Amino acid sequence: MLAYNLDIMASQTLNQQSTNKPNNKQRRLDRMALWGGIAFCFLYTVLVWAIGGRLDRIELAPDTGFAHYFWKLPDPTFMSRFTAWTFYLAHQFAIFGLIWYGQKHVKKYTNGLHKLNIWALGVNAFFILLHLVQTHIWYDGLAQDVSILSSQGSVIVLLVWVLLMENNRRGLVWGKKAPIGKEVMRFAKKYHGYFFSWAVIYTFWYHPMVSTSGHLIGTFYTLLLMLQSSLMFTRAHTNRYWTFALEFIVLIHGSLVAYMQAGLEGFWPMFFFGFGGIFVITQMHGLGLGRNARLGLLAGYIAFVLGIYNWRGWENLNEIIRIPVIDYVAVIALALIFWVGIMVAKLFRKPQSV
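Below: a short report on this structure. (Residues numbered from 1 in each chain as written. Predicted model: local features only at pLDDT ≥ 70, side-chain atom pairs only at ≥ 80, totals over all residues. Heavy atoms only, no water.)

## Quick look at the overall build of the chain
Looking only at helices and strands, one finds eleven helices and zero strands in the chain. Written out in order from the N terminus, the α and β elements of the chain read α-α-α-α-α-α-α-α-α-α-α. With the C-alpha coordinates of the chain rotated into their principal frame, the extents come out at 90 × 65 × 50 Å. Burial status across the chain gives 43% buried among its 354 residues. Intrachain contacts of the chain at a sequence separation of at least 6 include 80% that bridge at least 24 residues. For the chain, the accessible surface area stands at approximately 19,700 Å², while carbon and sulfur atoms represent 68% of it. (Helix = DSSP H or I, 4+ residues; strand = E, 2+ residues; numbered from the N terminus. Buried < 20%, exposed > 50% of the residue type's maximum accessible area, 1.4 Å probe, protein only. Contact = heavy atoms within 4.5 Å. Areas by Shrake-Rupley, 256 points an atom, 1.4 Å probe, with all protein chains shown as cover.)

Here it is as structure tokens:
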């Protein structure tokens, strides 16, 4: 009788394990898509670098002063404008449509991949490659018609939106949450995909696919953000280490580009310590680190600041607070904008009294 019962228990365990196998496969598909996407982003960036030399002979527009963007034709043609804007809009609205479909029909997160993700990965890959071809035939991106401030501003708002959206999970200042209402948080999470995809795709098509060091770093980062959007409604999309990496790369990107433009005497510490300050104030508190580890990182940050500004000059110390002050004020401003918008929408939805 005991043997019979053990046989039943063993068979039940095997059945339970067999029902779990699809989840394991789904989990592998999820991670494979992420790592495969990262590999694609890297190889594409290498390709841009490898063939970028043939663009060096193109004559570019002369400097026009403030907010000038150098990498555009002095005499744009109909086709250079038409292809840049047409391909951008096709890319943009294709992803908007997929986001809408996902919110309408998918809704649930999975350890695997939805068909939606296959479509999003394919659409993004197609337009990413198309932009490279378009650059080498017609060169111009959207920069010919819109200011560089629009591209930079869109990414800044994206990063601020992330700080707002992650408030409930990791807090805003040393793990403490900002008093932001549930309706505002709900709005930020529901509509972030549309704004993020616009900011990323708009920035991607703003620049031609040229092979300067700054462009290559920016292209790789933009592709990673596009990969993130392609993995909507999967567990990879909300993996805290992956999403943190996407935020942290801004520190690397901003610091390297500033250093390459002006060397050691330039403004690289503003980006390095500015985004580093946001890391120790906010971002590291979402990584599950213990108190001692967080204090150690804070101490390391302070020691590095003291060492650099002992050499750089203490009169420049204000550099390190510029980006954090702007970002945290912007979080409050963005929350207020959302709140006002929600209140106005409620007024219009309020039934008319007879």
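## As for the environment of Leu336
The topology assignment puts Leu336 in helix H11 (residues 319–349). Between the alpha carbons of Leu336 and Gly175 there is a distance of 21 Å; along the sequence they are 161 residues apart.

## Brief notes about the nonpolar core
Counting residues in hydrophobic clusters, the biggest one holds 71 residues, and the most contacted among them are Tyr44, Leu164 and Phe204. Top contributing element to this core by residue count: helix H6 (residues 182–206), with eleven residues. (Core = buried A, V, L, I, M, F, W, Y, C linked by side-chain atoms within 4.5 Å.)

## Some thoughts on helix H9 (residues 268–281)
Counted at 1.5 Å a residue, the expected span for H9 with its 14 residues is 20 Å, and the 20 Å between its end C-alpha atoms agrees. Within H9, eleven of the 14 residues are buried, which leaves the element mostly enclosed by the surrounding structure. Contacts from the buried residues of H9 go to helix H4 (148–165), helix H8 (240–262), helix H10 (291–312) and H11. (Expected span 1.5 Å × (residues − 1).)

## Let's talk about the packing of aromatic side chains
To describe a pair of aromatic rings, one takes the distance between the centres and the angle between the planes. Counted under the stated rule, the structure contains 30 aromatic pairs. Between Tyr69 and Tyr206, the ring centres sit 5.2 Å apart and the planes meet at 70 degrees, which makes this aromatic pair edge-to-face. Of this pair, Tyr69 sits in the loop between helix H1 (2–51) and helix H2 (78–106) while Tyr206 sits in helix H6; the two residues are 137 residues apart in sequence, bridging distant segments of the chain. Measuring from centroid to centroid gives 5.8 Å for Phe96 and Tyr194, while their planes differ by 55 degrees, and the two rings are tilted. With a gap of 98 residues between them, Phe96 in helix H2 and Tyr194 in helix H6 connect regions that are remote in the sequence. (Phe/Tyr/Trp six-rings, centres within 6.5 Å; stacked < 30°, edge-to-face > 60°.)

## Regarding the packing of H2 against H6
Interhelical geometry of H2 versus H6 gives an angle of 160 degrees and a closest axis separation of 10 Å. Judged on the interaxial angle alone, H6 and H2 are roughly antiparallel. Of the two elements, H2 crosses H6, and the hand of that crossing is right-handed. On H6, the residues that touch Ala84, Phe87, Tyr88, His91, Gln92, Ile95, Phe96, Ile99, Trp100 and Gln103 of H2 are Lys190, Gly193, Tyr194, Ser197, Trp198, Ile201, Tyr202 and Trp205. The residue makeup of the contact of H2 with H6, split by class, is twelve nonpolar, five polar and one charged. (Axes fitted to C-alpha atoms, helices over the stretch in contact; angles between N-to-C directions. Parallel < 35°, antiparallel > 145°, perpendicular 65-115°, else oblique. Left-handed = near helix turned anticlockwise from the far one by under 90°. Nonpolar A, V, L, I, M, F, W, Y, C, P; charged D, E, K, R; others polar.)

## Some words on the pattern of salt bridges
Counted according to the given criterion, the structure contains five salt bridges. Between Glu183 and Lys346 there is a salt bridge whose closest N-O contact spans 2.7 Å. In this pair, Glu183 is assigned in helix H6 and Lys346 in helix H11, connecting sequence segments 163 residues apart. Given the relative accessible area of 31%, Glu183 is considered partly exposed. (Salt bridge = Lys/Arg side-chain N within 4 Å of Asp/Glu carboxyl O.)

## Section: a nonpolar patch on the surface
There is a patch of nonpolar side chains on the surface, built from Ile252, Leu256, Tyr259, Met260, Leu264 and Trp311 and spanning about 580 Å² of accessible area. Inspection of the secondary structure puts Ile252 in helix H8. (Patch = residues over 30% accessible without salt bridge, like charges linked within 9 Å, V, L, I, M, F, W, Y side chains within 5 Å.)

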